[in-house]
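Spelled out from the first residue to the last, the chains are:
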Amino acid sequence: MEKVREVLSRYGNQKESLIQIMLELQQLSGNNYLPAEWVAAVSEALQMPLSKVYGVITFYAMFNTSPKGKFIVEVCKSGPCHVSGAENVLCMLEEELGIKAGETTCDGIFTLQLSSCFGACDIAPAIKVGESVYGNLTREKLKDIIVSYREGLKYAKC
Amino acid sequence: MQSAKVLSARFGAIKPDSVEEYVAAGGYEGLKKAVGMQPEDIIEEIKKANLFGRGGAAYPTGIKWEQAYAIKKGPKYMVCNADEGEPGTFKDKHILAEDPLELIEGMTIGAFIMGSNEGYIYIRGEYAAIQRTVKSAIENAKKAGYLGENILGTGLDFDIKVISGAGAYVCGENTALVESIEGKTGRPRQKPPYIKNCGLYMMPTILNNVETYSCIPWIVKEGGDSFSSMGTEFSGGTKLMCLSGNVANRGVYEVPFGTTLRELIYDMGGGIPDGRKLKFVHLGGSSGACFPESLLDTAICYNTLKKSGLSLGSGAVLVVDDSHCAVDYAKIVMEFFEEESCGKCTPCREGNQRLVELLERLTTGKGTLDDIERLKSLSQTMKTTSFCGLGQSAPTAVITLLKYFEEEFKAHAAGQCENGKCNMHGKGAE
Amino acid sequence: MEMINIKIDGLDVSVPKSATILQAARQLQIEIPTLCYMKGLNEVGSCRICVVEVEGWRGLHPACVTKVSEGLSVKTSSSTVRESRKNILELIMANHDRECLSCPRNQNCELQKLCNEMGVEAVPYEKRADRGTIDKSSYIVRDPGKCVLCGRCAAVCSDIQNVGVINYAHRGAHTSVTTPYGDSLSEHSCINCGQCIKICPVGALQERDDTGKVWNAVEDNELHVVVQTAPAVRVALGEEFGMQPGTDVEGKMVTALKRLGFDRVFDTNFSADLTIMEEGTELLNRLNNGGRLPLITSCSPGWIKFCEHNYHDFIDNLSSCKSPQQMFGAVAKSYYAHKAGIDAKKVFVVSVMPCTAKKFEADREELKVDGLRDVDAVITTRELAKMIKQSGIQFAELPDSGFDSLMGVSTGAGAIFGNTGGVMEAALRTVADLLTAKDLNDIEYTSVRGMEGIREANVVINGMDLRVAVVNGTANASKLLDKIRSGEAAYHFIEVMACPGGCVNGGGQPIIMDKSAAEEVKRMRIEGIYGIDRDRELRKSHKNPEIKEMYEEYMDNPGSHKAHQLLHTHYVKR
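Keep in mind that what you see is a predicted model, and the values were worked out from it rather than measured.

1. Observations concerning the overall build of chain B
Here's step 1: The secondary structure content of chain B amounts to 17 helices and 9 strands.
Here's step 2: At 22 Å, chain B has a C-alpha radius of gyration in line with the 22 Å of a compact globule built from 430 residues.
Here's step 3: Dimensions along the principal axes, computed over C-alpha positions, put chain B at roughly 80 × 45 × 35 Å.
Here's step 4: Every one of the 430 residues in chain B was classed for burial, and the buried ones make up 62%.

2. Quick word on the overall build of chain C
Here's step 1: Along its length, chain C carries 18 helices and 19 strands.
Here's step 2: In terms of overall dimensions, chain C has C-alpha extents of about 80 × 55 × 45 Å along its principal axes.
Here's step 3: Buried residues in chain C amount to 53% of all 574 residues.
Here's step 4: The long-range fraction of contacts in chain C, counting pairs at least 24 apart against all pairs at least 6 apart in sequence, stands at 73%.

3. Focus on the sheet that holds strand β2 (residues 110-115) of chain A
All names here are of chain A.
Here's step 1: Taken in spatial order, the 4 strands line up as β2-β1-β3-β4 in an open sheet, and their pairing is mixed. The open sheet has two free edges, formed respectively by β2 and β4 (132-134), since each of these has just one partner strand. Direction aside, neighbouring strands of the sheet carry axes that sit 25° apart on average.
Here's step 2: Sitting on the sheet, helix α6 (residues 86-97) is in contact with β1 (71-76), β2 and β3 (127-129), with an inclination near 150° to β1.

4. Structural notes on helix α3 (residues 39-49) of chain B
All names here are of chain B.
Here's step 1: What α3 keeps buried is the set I42, I43, E45, I46 and A49. In an axial view of α3, the angular spread of the buried residues amounts to 155°, which keeps them on one side of the axis.
Here's step 2: Considering only its buried residues, α3 is in contact with α2 (29-34), α4 (61-70), α6 (100-114), α9 (210-222) and α10 (224-229).
Here's step 3: The positive-phi residue at the C-terminal boundary of α3 is N50, with phi of around 60°.

5. A look at the interface of chain A and chain B
Here's step 1: Facing the 29 residues of chain A at the interface are 40 residues of chain B.
Here's step 2: Of all elements in the fold, only α2 (18-29), α4 (50-59) and α5 (79-82) of chain A reach the threshold of two or more residues within the side of chain A that touches chain B.
Here's step 3: Of the residues forming the side of chain A that touches chain B, the biggest block, 4 residues, is contributed by α2 of chain A.
Here's step 4: Residue classes in the side of chain A that touches chain B are distributed as 16 nonpolar, 9 polar and 4 charged.

6. With respect to the interface of chain B and chain C
Here's step 1: Every contact between the two is made by 25 residues of chain B and, on the other side, 25 residues of chain C.
Here's step 2: The dominant element in the side of chain B that touches chain C, judged by the number of residues it contributes, is helix α14 (residues 346-363) of chain B, at 8 residues.

7. Observations concerning the sheet that holds strand β4 (residues 60-62) of chain C
Residues and elements named next belong to chain C.
Here's step 1: Strands sit in the order β2-β1-β5-β3-β4 across an open sheet of 5 strands; the sheet is mixed. For this open sheet the edge positions go to β2 (11-16) and β4, each flanked by a neighbour on one side alone. Across the sheet, the mean angle from the axis of one strand to that of its neighbour is 40°, orientation sign disregarded.
Here's step 2: Its contacts with the sheet place helix α2 (residues 79-94) against β3 (51-54), β4 and β5 (73-75), and it is angled at close to 155° to β3.

8. Some points on unusual backbone geometry
Here's step 1: Here the amide bond leading from G74 of chain B into P75 of chain B is cis, since omega sits at 0°, within 30 degrees of zero.
Here's step 2: Assignment of secondary structure puts P75 of chain B in the loop between α4 and β1 (77-82).
Here's step 3: Note that the residue after K191 of chain B, namely P192 of chain B, is joined by a cis bond; omega there is -10°.
Here's step 4: You will see that A58 of chain B, though not glycine, has its phi angle at about 55°, which is positive.
Here's step 5: Residue placement: A58 of chain B occurs in the loop between α3 and α4.
Here's step 6: Since 18 C-beta atoms lie within 10 Å of it, A58 of chain B is described here as partly exposed.
Here's step 7: Located in the positive-phi region is N162 of chain C, a residue other than glycine, with phi close to 55°.
Here's step 8: Secondary-structure assignment places N162 of chain C in the loop between α4 (152-160) and β7 (167-169).
Here's step 9: For N162 of chain C, a count of 18 C-beta atoms within 10 Å puts it in the partly exposed group.

9. Looking at the pairing of strand β6 (residues 251-256) of chain B
All names here are of chain B.
Here's step 1: With 5 of 6 residues buried, β6 is to be regarded as a mostly interior element.
Here's step 2: In this structure, strand β5 (residues 238-245) lies alongside β6, joined through 6 bridges in antiparallel fashion. Each bridged residue has a counterpart across the sheet, and for L243 the counterpart in β6 is G251.

10. Some remarks on the nonpolar core
Here's step 1: Counting 349 residues, the largest nonpolar core has C80, Y122, V317 and A330 of chain B together with C153, C196 and V331 of chain C as the members making the most contacts within it.
Here's step 2: Apart from the residues within four sequence positions on either side, Y122 of chain B is in contact with V79, C80, N81, A82, D83, I163, G165, L177, S180 and I181 of chain B.

11. Notes on the environment of D274 of chain B
Here's step 1: Within the secondary structure, D274 of chain B sits in the loop between α11 (261-268) and β7 (278-283).
Here's step 2: Separated by 47 residues in the primary sequence, D274 of chain B and D321 of chain B place their C-alpha atoms 9.8 Å from one another.

Parameters and conventions
Residues numbered from 1 in each chain as written. Chains lettered and ligands numbered in written order. Predicted model: local features only at pLDDT ≥ 70, side-chain atom pairs only at ≥ 80, totals over all residues. Helix = DSSP H or I, 4+ residues; strand = E, 2+ residues; numbered from the N terminus. Rg over C-alpha atoms; globule rule 2.2 N^0.38 Å. Buried ≥ 20, exposed ≤ 12 C-beta atoms within 10 Å, placed from the backbone. Contact = placed C-beta atoms within 7 Å. Pairing = 2+ DSSP bridges. Axes fitted to C-alpha atoms, helices over the stretch in contact; angles between N-to-C directions. Arc of directions from axis to C-beta. Nonpolar A, V, L, I, M, F, W, Y, C, P; charged D, E, K, R; others polar. Core = buried A, V, L, I, M, F, W, Y, C linked by C-beta atoms within 7 Å.

Listed below in structure tokens is the structure:
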């Protein structure tokens, strides 16, 4: 809650900063979501009805109201990636991670989901992991990417 | 062929957020010239430039600015639409990531004209790393005196804030974008009142796309006539085109207006790989029209395209080869809109969902000829009755694919997908 | 006023510059169909049912939000327009639970009416968007499967009531109007006012149905079932049977209740008079003894819950008096049971209320005496109409009967509780007599009457200058309380009613199908109540002989220990 208050005060409890505040808070959650008690705290601090805040966070695709994996792996399903073989990418990732789109791996590291175009059409088919975009994907490349995130996490823990 | 370099001249050549390098490469000359001019004269240059809004609506920028300038109340806000969500579009990303000061300079010239003190760049949430680059460029411009207080000794105070989107295509619609900057859900507002009178916080607002603002410094520096002379009679300057899909060299190309789509796809883009043939081009993003080879010689020019019933939109050119199925593709496009509709008005919220349902029937062997008729009638209703441009243009792909590939739709109703993309569950096999 | 000349369906019309196409068409007796539109409240142009063709304009345009301009030529029902409206209705219907036959709003549903008019026959789509399941956990039942996403309820909840417990959430095909996280309304600050029910065009919002509970009680031979009817019920119940709004159907209502099998039929107007005795005394006490002011009325349970959620600092200003409904229950199970020689445990109290929040109030933990709930079941005006219809009683043709005695006599002061300003006026009538020790003739305090959201008046009684305010709608209450907080305003006595117009427009009153007539219906109901007051011989609560008798025999004086035990309560911060 301390973190929440810090972010809120940095934005001066301004209503118009709701989206920016929520983006920061989601980053801080560690699980890519907005815990309900944080949302309630924001609603109170900004003096906005909770229903309105809830309306905003469920409107934007980047916000989650339930915990996700540490890394969200997004597969673009829009036209440019579709004609460049996005479906294969999805299948490969489903196999690699052992989950279906919309699910989170048992270890809580990856959430696999479909996404609208994120502007990487020149390297389609593309995926996004957190902030990073990867394109021109093959099975080998995908494997390497997933491994690199798993490894990175291991080192971070040491 | 890729000769014209108005916007992309510095791409890759300078450190994107470095004011020093930007200035060394000819940056800020437009602003320096502008502050010695009368606002009316700058607007006159922009009008002469024949610059049309690059976001998709293609409204003449000079006239927009003239109207905004004439509005007496204030404060006035300068807002940049960097929400680039139209599938197949990634040109603004290049400006933002490789030469953000070009955009910042353009907005500052606008602020000088309008006497605006506050600017906002609304960048889609998916471009998080780029947001940091732009923020850093803004900070550097402030340090160098090109932003902030008393810019270049003119007495103008102008600051720019970067606002992040959070994943909503509809926020590319101007009124929805303004709502989103205000921290609300991005549902479009009823027009009128228009943004220029009642925009951000209900104040006069000058809202342009990244590419549009980025043309301004060049126009001021080199003159409107030089800019317009690069294009056609009806469309001045150059355009960043985004080439994607089944084409050899995908990427962003800066081309002068008048270049044909064939030149772009075959001469610059290297044509269709793997010995395939072109099936159709989807122009202007998912909200644009799909058309076959026969229209490829159309020039990239707002007027010429309009005559062929097309619209340049954001400048996305998605090339689709003949291995793909038109019905399956239509379904993918409609799934995008089903997801991205803001949900405010009935035709868009419900209509996109039903277009997906009808297309799903056709791509799974359950479709009938009646479904095709319904696709047509529902698309028309959506086009004519939706609240905003998103809903009105959402069925464009379906309408145009039906226009050029109706036989393929009918074959699906009979259980046949010639490309083998659709699983007909045995229908039509007998 | 600047006038604009336009053409609609070939007819010339001149309208004010500010008019919309919808308003202009009405001037020509052309009713363009609407669904999401609610004048002054929800002018959003989102449902698109009202689209029209405008010559020279691309596409179709919503008549409800499109302003007229000189020379406009409009077609309101061309084949394109009709086809589009039909397509749009089919889209709405495709995601609407089409359980018309079992829907409480069957034949009283705006969507059903539109579909009939536009010739929607079959719905050509299959899949359903998941908008959630029916939630019966609160006093207001939400059925998202029937919701057409017009947004009218959300607008009323936030703009008129300043409660804002429901709103749009999600987007695209997943768009819904819901509570935060889809929770039960009772987990949030819903005040159960039911204004959302009244404004819903379909059956997506309903009160909890308590008619089963009442039928069971009536048919239980072990129970002695008494019923009370609130002041505002009798001027609206007739609407359910085709009568004019505002018609006083008290006599028929009493006959119907007797036929339904209630053992005694009493009147909440009686306990309204009782409330004035207690609340008037409380006001005088606070005025004379430096008590907390302003005193704020406590009859409206929606308002009370609103205050408990949002204005903790005013909880001590609330009158400690129970509402007339609860006072009635408390005396029914004590005084009446005692007089009638019935075991209080066997007395089952049913209320017929214009209000959905009364269901919540009756369930409040503290509203019981000696372990017995004051009120056992609450039904709305609509639910009573349903029971009457279920039993085949031809209401309109019924003869009149009178309330049973002991708690059936009431004054005009009790009657006007149903209108905004009524409690204030009733209290002033009694307080003025008490302060002057006279039987004053000038008893119509017209300065506190009316339909405005906030009304203020200075009333001089016996040299004492009383500053009073009357508020209806909780958003207006917020405005007033904020002013008091900031020191901008100060009063001695405030009446607050949660519903705009007061109880006559309560959340349990008959649905007004034609929303453009809603204000007029409200006015007629209010007029009906003032008519009852005018016709009463007794118009001051303290003149009620049954009240006098009760105090004499059972409770000594207003404000006595016994009265406090039975008739007063306390509130909680929420």
